[in-house]
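# Per-entry structural report
So the chains spell out like this:
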Amino acid sequence: MKKLILILIVFISIQVQSQILSEKGRAEVRDEIIGDRLVNLLPQLMDRADIDMWVIMSREYNEDPVIKSMLPAKWFAARRRTIIVFYRDKAKDLTERLSVSKYAVGTHIKNSWDEAKHPTQWDALKEIILERNPEKIGLNYSEYFGIADGLVKTDYDEFMKILPKSYHQKVVSAEKLAIGWVETRTELEMKYFAELVEITHKVIGEAFSNSVIMPGKTSTEDVKWWIRDKITSLGLETWFHPTIDLQRSNAKMESFLDVFSKDNLGEVIIPGDLLHCDVGIKYLGLNSDIQEHAYVLKEGEDEVPVFLKEAMKMGNRLQDIFTSNFVTGKKGNEILLKSLKDAKAEGINPSIYSHPLGLFGHSAGAVFGMWDQQEGVPGTGEYPLFENTAYAIEMNAKIFLPEWDREIRIMLEEDGFWGSEGFRYINERQTEIFKIRPN
């Protein structure tokens, strides 16, 4: 049996390796994705946000999060001061993508600074604005959404200084446009997002196996660092340090704060433990975020105990209740509160804290609660649900186990997509607890 498990793990590892593109291949795909978004998606988003000019400014190593998602794959940062201007004439179905910088910003953004005519970037930018005379000039500032608040004070001051006073009233927050850019997933992106989530599932599957965990010897800290090393060995990165924690019959339930933030040397994993992980991987400009469970069988056990299987079903039921309440246009807080009410009506003790996912891990878009804000989230929770968006479906069900004489949490997080055909998981979800055998 041990030999069979080892062969299976090696096979899974080879499969994962074969999925991942070379650095050159990734760069080509990244540029294809960015080009597709700039050419096909951006005009729709500008029309939806009712902004006909979007000005984004950043200096090297202090990038606006939005501009960072638009840079060519071979760029690791903005260069000097990079200024990008998007102009949209809806009546003519015209979209201009212009850069005001020393360097051309990829193939889809035209370099528009003639230094012989305009010695400074600001003069060149001013002429672009005056020639087009936009109705609204969107800048990236936002009270509630940090990702849409990337404009620094120095650039804002310089911009307002060169902008004629008659244009000052045209300056508006580009919050809705910036969020739309960050949250919206294209068909091309979803192809690779599915691969990323599958890779993440396979890394977790290997971590939660006897090839990594030797009950009585391996600690939760060992598994965390194995996951980090595994992701690095695949040529990938994680966007947060993995979590591995455990629940067992003779231990009290930890607080949320302890589960998600404490940093110690971990505990040795033993038979009878219910393990939990939280893993997120970056690939092709996208981010995954997954939490799943494993159980360490005791001597004489061949299956996960029935009471834990039933607890898992309750966690899956909470997921179903939550995603069944998705309705385009509804606010995150509305969906959260209805889901909590529906779950409690079925006897589930729920906590929901799901968030947008994609270009960033904790991304911008509709927010459905936070672990310490179950009555609704000010600001971000008032943002509505749009189609073609992705989410980490993150939550837990608190369940009392008579067999352990204590409460446990079934903490689940799976990556999902909301589109015109409804909700779907990007690469399935966990419905059965992983089994780890005793030595």
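What comes next is a walk through the structure. Keep in mind that what you see is a predicted model, and the values were worked out from it rather than measured.

With that settled, consider empty space enclosed by the protein. Inspection of every chain in the model, using the stated rule, returns one cavity of 30 Å³ or more. Of the voids in this model, the largest cavity is the one considered here, and its volume is about 60 Å³. Residue contributions to the lining of the largest cavity peak at four residues, all from helix H2 (residues 23-49). A per-class count over the lining of the largest cavity returns six nonpolar, one polar and three charged.

Taken in spatial order, the three strands make up an open sheet running S7-S10-S11, and their pairing is antiparallel. At either end of the open sheet lies a strand with only one pairing partner, and these are strand S7 (237-238) and strand S11 (286-287). As judged from the two bridges shared by strand S10 (residues 281-283) and S11, these two strands associate in the antiparallel manner. Directly across from Tyr283, in S11, lies its bridge partner Leu286.

The next subject is the sheet that holds strand S1 (residues 53-59). The strands making up a sheet associate through backbone hydrogen bonding, with each pair oriented either parallel or antiparallel. The strand order across the open sheet built from six strands is S4-S3-S2-S1-S5-S6, with neighbouring strands paired in mixed fashion. A single partner strand is all that each edge strand has here, and the edge strands are strand S4 (110-111) and strand S6 (171-173). Here strand S5 (residues 137-139) pairs with S6 via three bridges, running parallel. Counterpart to Leu139 in the pairing with S6 is Ser173. Contacting S1, strand S2 (81-89), strand S3 (94-99) and S5, helix H4 (residues 121-132) runs over the sheet at an angle of about 5 degrees to S2.

Let's shift gears to unusual backbone geometry. Peptide bonds are mostly trans, and most non-glycine residues show a negative phi. A positive phi angle, close to 55 degrees, is found at Leu284, a residue other than glycine. Leu284 gets classed as buried once you look at its relative accessible area, which sits at 6%. Here the phi dihedral of Asn388 falls at roughly 60 degrees; this positive angle occurs in a residue that is not glycine. Topologically, Asn388 is positioned in the loop between strand S14 (355-356) and strand S15 (389-401).

With 13 of its 14 residues buried, strand S16 (residues 406-419) lies for the most part within the structure. Relative to strand S17 (residues 422-425), S16 runs antiparallel, the two being bridged by four bridges. Looking at the pairing, Trp418 lines up with Phe423 of S17. Adjacent in sequence and paired antiparallel, S16 and S17 are bridged by two residues.

About the thresholds
Residues numbered from 1 in each chain as written. Predicted model: local features only at pLDDT ≥ 70, side-chain atom pairs only at ≥ 80, totals over all residues. Heavy atoms only, no water. 1 Å grid on protein atoms, 1.4 Å probe; cavity = no way out; pocket = protein on both sides within 12 Å on 5 of 7 lines; lining within 4 Å. Points joined across faces, edges and corners; volume = space filled by probe spheres on them. Helix = DSSP H or I, 4+ residues; strand = E, 2+ residues; numbered from the N terminus. Nonpolar A, V, L, I, M, F, W, Y, C, P; charged D, E, K, R; others polar. Pairing = 2+ DSSP bridges. Contact = heavy atoms within 4.5 Å. Axes fitted to C-alpha atoms, helices over the stretch in contact; angles between N-to-C directions. Buried < 20%, exposed > 50% of the residue type's maximum accessible area, 1.4 Å probe, protein only.

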